[in-house]
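Residue-level listing of the chains:
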Amino acid sequence: MSQNIAIIGSKGAIGKGFVDFYKKQNPSNSILSLSRKNKEADDEFFIDIEDEGSVCDAADLCSKKGPFDKIIIATGILHGVDFSPEKTLKNLNKENMMKVFSINTLGPALVARYFIPLMKKESPSILGFLSARVGSISDNQLGGWYSYRASKAALNMIIKTLSIEVARNNKNAVIVGLHPGTVESNLSNPFQGNVPDGKLFSPEHSVTQMAEVMNKLTPSDSGNCFAWDGKRIEF
Ligand SMILES: NC(=O)c1ccc[n+]([C@@H]2O[C@H](COP(=O)([O-])OP(=O)(O)OC[C@H]3O[C@@H](n4cnc5c(N)ncnc54)[C@H](OP(=O)(O)O)[C@@H]3O)[C@@H](O)[C@H]2O)c1
């Protein structure tokens, strides 16, 4: 059966991976691509998740194509042009930290605010946020990466809180975090050196795994975060 899908952050490695995967999976799928790199077109809209007006405008355009079976938020940042994730407390910098939170936590929350009304209600629909295992507080063994870890932990709380509210008027909604594994991308590029053999995934592999995981999710899974292998990640 064909699906109606919106991918936010569709020009990133994982976002593009999802666009390609769902196009290939069923050529009848309707796939909307949303990105800062897009010009307005029939299946492509501009979105800057740091700008609430842009998120609202994009949702308005998408509403004409909805409702959606899947909305996937594949935006994110780990390092900037002039900063890296903190190795130690001495690297903490307010501006950099605010940038990471703005993109990893506040942006996805705004997307939820404007896009959740576009989720299908009469059949199961999924809102998937790209989160990260390092956002798990209980799994934090190594320390470091203060801003990224905290921004994803806060994102996980937003996901949990959304799942409670949305279940009250959309019993079919599945709202989850997704951990893609370590995936070749601009985001992971500077940190790929320590990845064990066979553990650096291509976007295609990671996305195929996550799509399979999403296929098995039901509304009772809402509010949790799942890794590429289907295992639930403890917050
Ligand atoms: N790669 C990994 O190993 C890994 C591991 C764990 C979790 N993740 C998560 O997976 C997600 C996707 O990462 P990726 O590896 O695909 O990285 P990526 O290739 O760098 O893609 C990130 C995307 O986020 C978009 N973005 C950043 N700020 C934005 C904004 N203000 N408005 C709209 N789009 C914005 C970028 O858009 P532009 O193209 O316009 O710059 C880029 O396309 C992130 O949430 C990341 O934390 C990745």
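Refer to the preceding data block for the structure.
Residues numbered from 1 in each chain as written. Predicted model: local features only at pLDDT ≥ 70, side-chain atom pairs only at ≥ 80, totals over all residues.

Caption draft 1: How the structure looks around the packing of helix α3 (residues 94-115) against helix α4 (residues 146-167). Contact pair α3 / α4: the axes reach a minimum separation of 9 Å and the direction vectors enclose 15°. As the angle between them shows, α3 and α4 are arranged roughly parallel. The handedness of the crossing between α3 and α4 is right-handed. In this structure, α3 uses Asn 96, Met 97, Val 100, Phe 101, Asn 104, Thr 105, Pro 108, Ala 109 and Ala 112 to contact α4, whose residues at the interface are Ser 147, Tyr 148, Ser 151, Lys 152, Ala 154, Leu 155, Ile 158 and Leu 162. Of the residues that constitute the contact of α3 with α4, the class distribution is 11 nonpolar, five polar and one charged. (Axes fitted to C-alpha atoms, helices over the stretch in contact; angles between N-to-C directions. Helix = DSSP H or I, 4+ residues; strand = E, 2+ residues; numbered from the N terminus. Parallel < 35°, antiparallel > 145°, perpendicular 65-115°, else oblique. Left-handed = near helix turned anticlockwise from the far one by under 90°. Contact = placed C-beta atoms within 7 Å. Nonpolar A, V, L, I, M, F, W, Y, C, P; charged D, E, K, R; others polar.)

Caption draft 2: View of helix α2 (residues 52-63). Taking 1.5 Å per residue, 12 residues should reach 16 Å; α2 reaches 16 Å between its end C-alpha atoms and fits that length. Those residues of α2 lying buried are Val 55, Ala 58, Ala 59 and Cys 62. Down the axis of α2, the buried side of the element spans an arc of 100°, and every buried residue falls inside it. For α2, the exposed residues set more than 90 degrees away from the buried face come down to Gly 53, Cys 56 and Asp 60. Looking at the buried positions of α2, the neighbouring elements they touch are β1 (4-8), β2 (30-35), β3 (44-46) and α3. (Expected span 1.5 Å × (residues − 1). Buried ≥ 20, exposed ≤ 12 C-beta atoms within 10 Å, placed from the backbone. Arc of directions from axis to C-beta.)

Caption draft 3: Structural detail: the site of the ligand. In the vicinity of the ligand lie 29 residues, with Gly 12, Arg 36, Gly 76, Ser 185 and Leu 187 positioned nearest. Counting only elements with at least two residues in the shell around the ligand, the list comes to α1 (13-25), α3 and β7 (182-183). When residues in the shell around the ligand are grouped by element, the largest group, three residues, is from α1. Across the shell around the ligand, the residue classes break down as 12 nonpolar, 12 polar and five charged. (Near = placed C-beta within 6 Å.)

Caption draft 4: Broad picture of helix α5 (residues 203-216). Over its 14 residues, α5 runs 20 Å from end to end, which matches the ideal 20 Å to within 8%, given 1.5 Å per residue. Along α5, the residues that are buried comprise Pro 203, Ser 206, Val 207, Met 210 and Val 213. In a view along the axis of α5, the buried residues occupy a sector of 120°, so they form one face of it. Across α5 from its buried face, at more than 90 degrees, point the exposed residues Glu 212, Asn 215 and Lys 216. Of the surrounding elements, those touching the buried residues of α5 are α1, β6 (173-179), β7, β8 (200-201) and β9 (225-227).

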